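# Overview (structure and organization)
Now for the letters of each chain:
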Amino acid sequence: MSTTQEARLERQIERIKRELALVGELRPGSLSTQYNVCGTAGCRCKATPPKKHGPYYQISYTRKGKSSTRFVRKEDLPSVRRQLKNYQRMKALVERWIDLATELTTLRLTQKPR
Ligand SMILES: [Zn+2]
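All values derive from a computational prediction rather than experimental measurement. (Residues numbered from 1 in each chain as written. Predicted model: local features only at pLDDT ≥ 70, side-chain atom pairs only at ≥ 80, totals over all residues. Heavy atoms only, no water.)

### Remarks on the coordination of the zinc ion
- Within the protein, the zinc ion binds to Cys38 (SG), Cys43 (SG), Cys45 (SG) and His53 (NE2); these donor distances fall in the range 1.9 to 2.3 Å.
- Because the angles between the 4 donor atoms bound to the zinc ion fall within 103 to 113 degrees, the donor set is best described as tetrahedral.
- The motif formed by the donor residues of the zinc ion, counted along the single chain, is C-x4-C-x1-C-x7-H. A residue pair is termed long-range when its members are at least 10 positions apart, and Cys43 in the loop between β1 (30-36) and β2 (53-63) and His53 in strand β2 qualify at 10 residues.
- With a relative accessible area of 16%, Cys43 lands in the buried category.
- On the basis of relative accessible area, His53 is assigned to the buried category, the value being 17%. (Donors = N, O, S within 2.8 Å, 3.2 Å for Na, K, Ca; no water. Tetrahedral: all angles 85-135°; square planar, octahedral: opposite > 155°, others 65-115°. Helix = DSSP H or I, 4+ residues; strand = E, 2+ residues; numbered from the N terminus. Buried < 20%, exposed > 50% of the residue type's maximum accessible area, 1.4 Å probe, protein only.)

Here you go:
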């Protein structure tokens, strides 16, 4: 038998699980834009003012304590941006799930000691 409070939390958790199932391709990290200077003498990148090469896009991320970066081609930017957004969405849903689950299990502990 569950209280209305428990039933409400259970419903919210079920909704989060359904939403998680719908999260598409994802990847962690952040995108940055870079402009570079080359080694060619008299190149426009050394003019005054300089016209540097770029933009170059790169994604940085840390997994298991290891940082990595990868260059991203311009044509891949839309899908990479979508993947980064999906990752944030997944993280937010999981955080919410943890909050609700903590609330629910704490409620049950208090109601049913032993
Ligand atoms: Zn140059």
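### Quick word on a positive patch on the surface
- A cluster of basic residues, Arg11, Arg15, Arg18 and Arg96, forms a positive patch on the protein surface.
- Residue contributions to the positive patch peak at 3 residues, all from helix α1 (residues 4-21).
- Among the structural elements, Arg15 can be located in helix α1.
- Judged by relative accessible area, Arg15 falls into the partly exposed class, the value being 44%. (Patch = residues over 30% accessible without salt bridge, like charges linked within 9 Å, V, L, I, M, F, W, Y side chains within 5 Å. Areas by Shrake-Rupley, 256 points an atom, 1.4 Å probe, with all protein chains shown as cover. Salt bridge = Lys/Arg side-chain N within 4 Å of Asp/Glu carboxyl O. Lys, Arg positive; Asp, Glu negative; His and termini not counted. Charge placed at Lys NZ, Arg CZ, Asp CG, Glu CD.)

### A look at the sheet that holds β1
- Across the sheet, which stays open at both edges, the 3 strands sit in the order β1-β2-β3 with antiparallel pairing between neighbours. Looking at strand neighbours, the two that pair on one side only are β1 and β3 (66-72), the edges of this open sheet. If you compare each strand with its neighbour and ignore which way they point, the axes differ by 35 degrees on average.
- Examined bridge by bridge, β2 and β3 share 7 bridges and lie antiparallel to one another. Paired with Arg63 across the bridge in β3 is Lys66. (Pairing = 2+ DSSP bridges. Axes fitted to C-alpha atoms, helices over the stretch in contact; angles between N-to-C directions.)

### Side note on the environment of Tyr87
- Tracing the sequence through the fold places Tyr87 in helix α2 (residues 77-111).
- Sequence-wise, Tyr87 and Gly29 are 58 residues apart; in three dimensions their C-alpha atoms are separated by 8.6 Å.
- Once residues within four sequence positions are removed from consideration, Tyr87 is found in contact with Leu26, Arg27 and Pro28. (Contact = heavy atoms within 4.5 Å.)

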